[in-house]
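Topology and contacts: notes
Here are the chains, one letter per residue:
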Amino acid sequence: MYLPRAFAETDLAALDALFARDNFISLISVRDGEPTLSHLPVLYHRDGERIQLRGHWAKPNPQSQHAGPALAVVHGPHAYISPGWYTDKEEAARVPTWNYAVAHLHGRLDTFEDEAELARLVDDLSVRHEAEVGSDWRFEVERDDLRRQLRGIVGFRFEVERATLKFKLSQNHPLANRVAVAERLDALGGENATEVAALMRAALPDA
């Protein structure tokens, strides 16, 4: 990932926040010389510098045959930035850009098909999301019809070896521009715009 120094984020608490916001990743690996991509919900766990993701594929997914190196992309909020919002737009000949937060996690995949571990994974994922939608479904491991469905998935653990975080939030601009852009994003409204504005303010000097 192209990462100018101004946009590099090194605090892993920022990664915690990305996963708390949205734990749906893009998982990339190489199979037979070709890139393979899956979009998946995962469970995130960090203990200091150690980071692990857990998730599963449908068994017919070609990526479920892969164990080894992979890249997980964690997507944060993003927003278009108009050059008309900058305080120095004329004298600096500003042009449009895009502000965003993203993380690239490099590591290794380990697959599993153990029934008990798959059941625990599915239940953990449901616990993570059911309350958010006002429901309380749980995986009932004693039900044969539910256990049989576990045969259709392959689980994985992804051990992260290197985390690269890019928070492109106009840090290469004068302070007045950064404040003005955050204000315009807030005025624009919408989830992405207001989240980017909040990240911009958090990144201001002495914020």
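Quick summary incoming for the structure in this document. (Residues numbered from 1 in each chain as written. Predicted model: local features only at pLDDT ≥ 70, side-chain atom pairs only at ≥ 80, totals over all residues. Heavy atoms only, no water.)

For the rest of this paragraph, the subject is the overall build of the chain. Helix and strand content of the chain: 5 helices and 8 strands. Its C-alpha atoms give the chain principal-axis dimensions of about 70 × 45 × 30 Å. The buried share of the chain, reckoned over its 207 residues, is 43%. Long-range contacts, defined as pairs at least 24 residues apart, comprise 72% of the intrachain contacts of the chain with a sequence gap of at least 6. For the chain, the exposed area adds up to about 11300 Å²; of that, 51% sits on carbon and sulfur atoms. (Helix = DSSP H or I, 4+ residues; strand = E, 2+ residues; numbered from the N terminus. Buried < 20%, exposed > 50% of the residue type's maximum accessible area, 1.4 Å probe, protein only. Contact = heavy atoms within 4.5 Å. Areas by Shrake-Rupley, 256 points an atom, 1.4 Å probe, with all protein chains shown as cover.)

For helix H1 (residues 12–21), the complete set of buried residues consists of Leu-12, Ala-14, Leu-15, Leu-18 and Phe-19. Take H1 and look down its axis: the buried residues cluster within an arc of 145 degrees, on one side only. Sitting at the head of H1, Asp-11 places a side-chain oxygen 3.0 Å from the backbone nitrogen of Ala-13. (Arc of directions from axis to C-beta. Polar contact = N/O pair within 3.5 Å; in protein donor to acceptor, adjacent residues only side chain to side chain.)

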